[in-house]
Amino acid sequence: MNKQQEFALRTVEERDVRFIRLWFTDVLGQLKSVAIAPAELEAAFEEGLGFDGSAIEGLTRVSESDMIVKPDPSTFQLLPWRGTRQGTARMFCDVLTPEGQPNLADPRYVLKHTLSKASERGFTFYIHPEIEFYLFEQQNDYSAEPKPIDHGGYFDHVSRSPGMDFRRATVNMLEQMGISVEYAHHEAGPGQNEIDLRYADALTIADNVMTFRTVVKEIALERGLHASFMPKPLFGEPGSGMHTHLSLFEGDSNAFYEPGQEFNMSETARQFAAGILHHAAEITAVADQYVNSYKRLWGGSEAPSYVCWGHNNRSALLRIPQYKPGKDNSARIEFRALDPVTNPYLSFSLLLAAGLDGIEKQIELCEPTADDVWELTDEERKTMGIEPLPDSLDTALNLMEKSDFVASVLGERVFDYFLRNKRREWQEYRMQVTPYELNKFLPRL
């Protein structure tokens, strides 16, 4: 038994923890959970816990339904909202076959597998996410227009707004769980908030994103509010994204930094960025996996719609933030297309694999754009070689389906299941008769 397992067992005993929740995700990034009693924890570390994998979205086929979840003791944390004594703890799990082999459809395994390829080249992949979400008044009828809790704007100090206390409570709870936070502020939309997690390795951040969503939902329920990570919940208002800062390290050195080069970008950074731009369209279905996602991407308000990059250009898909003297290790690339409801394990895998592909193939980075890409005409963008991102889930799925690259990164099972599930979502969506159609056509047709 290793020290992390011993720590978890000792903490459970000392804090009189009554339940341990084992967390993992399905292919779409929905959190799954099973609780075990403290007496079962040691056996779970040694043998795992069996369950019916065929009942989980995309994990396995019915003919091979027996699966095992095995907790990762390094992720052990008490859940603060369940109390500090006689409470509940949680651990993320790896999904295994009965023979103890990784389940190839486990999103956490997909990311670990991609990270191992980066490690073989001497790279560690770090991520810093900026996660946006809306706070609405609680409602029972979700077909009605949601009501934001305030009418504040970007960085507004909204006196007596429940949002300020909400952000403070969220940051405090995250810190109690060992998740460091850099910033928290009101975003541009009414009732919209942003909390930025401190950078860490990609697997830790993927786990932290899943925990973050749960914490936000729990605090909202406690306060009689509804927290939504929906990409575009309000017409005419900004959507919610998860701008994601990426960097590669070689040991203690940032592989993206090279003084004296344009924007202090190393050749590794330029090739990594070129790889992401090269594969951007075909990975969009995973980065933005819901029909609603494309109303954010094509709804303006700093959402990226075109495949290009620029230095401090917030209209670009990839942004190179302003370099701060003496902050060599903060050199990074910001990818601006991720939804806050993406499956972080799969999206981070694809971003890393795309960047590594750019390095391996030495893909040349195109010229940066300083223009506001949204203000350019179609002809101007065409002349500059700036292509659009997919404008619908259907278009994104068509591109993904043809991509050998995406299939190789995700693996056959995840790739096939994701496509089938999202095709079904698109079919359901396009058959709907929307309030827009009724309001526009019913009175006069």
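Residues numbered from 1 in each chain as written. Predicted model: local features only at pLDDT ≥ 70, side-chain atom pairs only at ≥ 80, totals over all residues. Heavy atoms only, no water.

### A short note on helix α1 (residues 3-14)
And then number 1: For α1, spanning twelve residues, the distance from its first C-alpha to its last is 16 Å, which sits close to the expected 16 Å at 1.5 Å a residue.
And then number 2: Of all the residues in α1, the buried ones are Gln 5, Ala 8, Thr 11 and Val 12. Buried positions in α1, seen along its axis, are confined to an arc of 130° and lie on one side of it. Turned more than 90 degrees off the buried face of α1, the exposed positions are Lys 3 and Glu 13.
And then number 3: Tucked inside the fold, the buried residues of α1 contact β1 (19-25) and α2 (41-47).
And then number 4: Its side-chain oxygen placed 3.1 Å from the backbone nitrogen of Gln 4, Asn 2 serves as the N-cap of α1. (Helix = DSSP H or I, 4+ residues; strand = E, 2+ residues; numbered from the N terminus. Expected span 1.5 Å × (residues − 1). Buried < 20%, exposed > 50% of the residue type's maximum accessible area, 1.4 Å probe, protein only. Arc of directions from axis to C-beta. Contact = heavy atoms within 4.5 Å. Polar contact = N/O pair within 3.5 Å; in protein donor to acceptor, adjacent residues only side chain to side chain.)

### So, the side chain of Thr 244
And then number 1: Within the element layout of this structure, Thr 244 appears in strand β12 (residues 242-250).
And then number 2: One polar contact links the side chain of Thr 244 to the main-chain carbonyl oxygen of Met 242, over a distance of 2.7 Å.
And then number 3: Not counting residues within four places of it along the chain, the set of residues in contact with Thr 244 comprises Ile 127, His 128, Pro 129, Ile 333, Glu 334, Phe 335, Leu 338 and Phe 348.

### Brief notes about the pattern of salt bridges
And then number 1: Counting across every chain of the model gives 18 salt bridges.
And then number 2: The residue Lys 361 makes a salt bridge to Asp 357 at a minimum N-O spacing of 3.5 Å.
And then number 3: Residues joined by salt bridges that share partners form a network here, namely Asp 72, Asp 94, Arg 108, Lys 112 and Asp 207. (Salt bridge = Lys/Arg side-chain N within 4 Å of Asp/Glu carboxyl O.)

### A look at helix α8 (residues 344-360)
And then number 1: Here α8 contains 17 residues, and its C-alpha end-to-end distance of 24 Å stays within 8% of the 24 Å for a straight helix at 1.5 Å per residue.
And then number 2: After α8 finishes, the residue Gln 362 shows a positive phi value of roughly 50°.

### As for the nonpolar core
And then number 1: Ranked by internal contacts, the top residues of the largest apolar core, which has 102 residues, are Phe 125, Phe 212, Leu 248, Phe 272, Phe 335, Met 400 and Leu 410.
And then number 2: If sequence neighbours within four positions are ignored, Leu 410 has contacts with Leu 104, Val 110, Val 286, Leu 346, Leu 350, Met 400 and Phe 415.
And then number 3: Core analysis: the second largest hydrophobic core is formed by 19 residues, Val 12, Ala 44, Leu 78 and Val 95 among them. (Core = buried A, V, L, I, M, F, W, Y, C linked by side-chain atoms within 4.5 Å.)

### Some words on the packing of aromatic side chains
And then number 1: Tallied over the entire structure, the rule returns 16 aromatic pairs.
And then number 2: Ring centres 5.1 Å apart and planes at 70° place the aromatic pair Tyr 126 and Phe 249 in the edge-to-face group. Of the two residues, Tyr 126 sits in strand β7 (residues 124-137) while Phe 249 sits in strand β12, which places them 123 residues apart along the sequence.
And then number 3: Assessed through its relative accessible area of 7%, Phe 249 is described here as buried.
And then number 4: Centre to centre, the rings of Tyr 154 and Phe 155 are 4.6 Å apart; their planes meet at 25°, and the pair counts as stacked. With respect to class, Tyr 154 is no different from Phe 155; both count as exposed.
And then number 5: Members of the aromatic cluster, connected to one another through ring pairs, are Phe 133, Phe 166, Phe 212 and Phe 229.
And then number 6: Over the ring of Tyr 290 we find Lys 422; its NZ or CZ atom is 3.8 Å from the centre of that ring. (Phe/Tyr/Trp six-rings, centres within 6.5 Å; stacked < 30°, edge-to-face > 60°. Lys NZ or Arg CZ within 6 Å of the ring centre and 35° of its normal.)

### A few points about the pairing of strand β6 (residues 88-96)
Two faces belong to every sheet, and in a regular strand the side chains alternate between them.
And then number 1: Among the nine residues of β6, nine are classified as buried, and the element is accordingly described as predominantly covered.
And then number 2: Judged by which residues are buried, β6 turns out to be covered on both faces: Thr 88, Arg 90, Phe 92, Asp 94 and Leu 96 on one side and Ala 89, Met 91, Cys 93 and Val 95 on the other are all buried.
And then number 3: Here five bridges tie β1 to β6, and the two strands are oriented parallel to one another. Looking at β6, one finds that Leu 22 is bridged to Met 91. (Pairing = 2+ DSSP bridges.)

### Quick look at the packing of helix α3 (residues 107-120) against helix α5 (residues 202-222)
And then number 1: Interaxial distance between α3 and α5 falls to 10 Å at its minimum, and their mutual angle equals 160°. The orientation of α3 with respect to α5, classified from their angle, is roughly antiparallel. α3 and α5 meet at a crossing whose hand is right-handed. Contact residues: α3 offers Arg 108, Leu 111, Lys 112 and Leu 115, while α5 offers Ala 202, Leu 203, Ala 206 and Asp 207.
And then number 2: Residues that form the contact of α3 with α5 fall into these classes: five nonpolar, no polar and three charged. (Axes fitted to C-alpha atoms, helices over the stretch in contact; angles between N-to-C directions. Parallel < 35°, antiparallel > 145°, perpendicular 65-115°, else oblique. Left-handed = near helix turned anticlockwise from the far one by under 90°. Nonpolar A, V, L, I, M, F, W, Y, C, P; charged D, E, K, R; others polar.)

In short, the description is geometric, and any link to function would need to be established separately.
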